[in-house]
Amino acid sequence: MLLSNDVKYIIEELNKHGFRADVVGGPVRDFLLGKQPHDYDITTSARPEQVEEVFSGKRIIETGIKHGTVTLVLNGENYEITTYRIDGEYLDSRHPESVEFTTELAEDLSRRDFTMNALCYNPKQGITDLHGGEADIKSRIIRAVGDPEKRFTEDALRIIRGLRFAAVLGFDIEEKTAEAMEKCAHLMEKVSAERIFTEWKKLISGDFAYDVIDKYRHIIRVFLPEVADEPLPEKARFDISEPIVRMIALFKGAGGERYRGAMMRLKTDSGTRDAGFLILTSMKNYDTSSPLAIKILMSELGAEIASLRLKVEYLLGMREHEEIFEVEKIIERREPYRVSDLDINGSDLISLGIKGPRVGQEMRALLRLVMEGRLKNQRAALISSVKSRIPSDNAKIK
Ligand code: ATP
Ligand code: MG
């Protein structure tokens, strides 16, 4: 495994002081999968205060220290260095009551969720694999470390993490692990909404997301009952992987109100919540069957929402792939769809003698004529169109 100089330095410094240190979890798994790891967590026999001593003089962030994690900043990168840990008793299916530090690497590896995540590596000893993680990666299997039912009862977030890895990697979930997931699924109700949603977003972006959703509907039902029975898009349309588009499409049957309710329950950001609500409710009131209809949708809901809606329609089999970029094309051709795109503004209308709310009404009427192609977006044409509608006594004032 090729480690960066910074990671090698961290391991060597800890070794010099008599401690063992290994890269652990995600990066070792990703390396064996031939993927570029995105961060390097380190597990060590040194206690947090000893880690701080070894790297005294370097920038250290202490936020995770109660759980044994010291974050070391090297050349602008953060490295989490965590002391071998035994998690205390879990009473709430999410958090250990306490964590205990240990000097046994084996104990630290046994607290990890899946065999493929319970691997560690250092340049001197190579890969340490006490739970058969390497073989499981080769056979493309997700398997809980230890007794699956016990592990999911301890921390039910592991259930959706398991589904997420299956959806991203296309691995099968080993039978006993899958059975325990189903059995413990109700415990996910105790897991914080934010953590569930973070995993769900990764799950639904995965290349194998729909296979997983289809196979594990009973589990999905615990946190998203609204979509658990929905039909899934046809395979040819899986090329759209944006999580928000995939999620909104899943809610087509449930509709905008239920989508919004689900997003509130999962405590998502307001952008995710509002986009889906607007798109799903707009499906009843606005069609998108012509360029004019799309422009009207853009002017009512904004270009971003309109663009997402076309992708949702594609996923639902309502339009073809070459038709999903209509919004971007309208913008590229600089076709007006906002009042502010007109070659005239409110003050122009006021100087033509138009007052109060009629200014806005007139601007929207002009925009509509321009969008319909009945009027050119040119100042002179716009002004004469306005004048033609001004009652003659007003026109005289001008
Ligand atoms: P990613 O590529 O998404 O970062 P990851 O496996 O590195 O995947 P992290 O959330 O970064 O996931 O966790 C780092 C490691 O910590 C995991 O590989 C696993 O060993 C352990 N871990 C994380 N969450 C849990 C959990 N809920 N229960 C047990 N072990 C966990
Ligand atoms: Mg990680």
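Residues numbered from 1 in each chain as written. Chains lettered and ligands numbered in written order. Predicted model: local features only at pLDDT ≥ 70, side-chain atom pairs only at ≥ 80, totals over all residues. Heavy atoms only, no water.

Quick look at the overall build of the chain now. Counting its secondary structure elements, the chain contains 21 helices and eleven strands. The C-alpha atoms of the chain give a radius of gyration of 29 Å, which is well past the 21 Å a tight globule of 398 residues would have. Along the three orthogonal principal directions, the C-alpha set of the chain runs to about 95 × 50 × 35 Å. Counting only residues that meet the buried cut, the chain has 49% of its 398 residues in that class. Sequence-distant contacts, at least 24 apart, represent 62% of the contacts inside the chain between residues at least 6 apart. Accessible surface, the chain: about 19,600 Å² in total, of which carbon and sulfur atoms supply 49%. Taken together, the 60 basic and 66 acidic charged side chains of the chain have centroids lying 7 Å from each other. (Helix = DSSP H or I, 4+ residues; strand = E, 2+ residues; numbered from the N terminus. Rg over C-alpha atoms; globule rule 2.2 N^0.38 Å. Buried < 20%, exposed > 50% of the residue type's maximum accessible area, 1.4 Å probe, protein only. Contact = heavy atoms within 4.5 Å. Areas by Shrake-Rupley, 256 points an atom, 1.4 Å probe, with all protein chains shown as cover. Lys, Arg positive; Asp, Glu negative; His and termini not counted. Charge placed at Lys NZ, Arg CZ, Asp CG, Glu CD.)

Structurally, the position occupied by S45 is in the loop between β2 (41-44) and α3 (48-54). Take S45: its relative accessible area is 15%, and that puts it in the buried class. A polar side-chain atom of S45 sits 2.9 Å from the main-chain amide nitrogen of R20. (Polar contact = N/O pair within 3.5 Å; in protein donor to acceptor, adjacent residues only side chain to side chain.)

Moving on to the environment of S351. Topologically, S351 is positioned in helix α18 (residues 346-351). We classify S351 as partly exposed; its relative accessible area is 45%. At 2.8 Å, the side chain of S351 forms a polar contact with the backbone oxygen of D348.

In terms of domain boundaries, the chain breaks down into domain 1 (1-139), domain 2 (146-223), domain 3 (231-335) and domain 4 (339-394). Using only C-alpha atoms to locate each centre, domain 1 and domain 3 end up separated by 42 Å. (Domains from an automatic or database assignment.)

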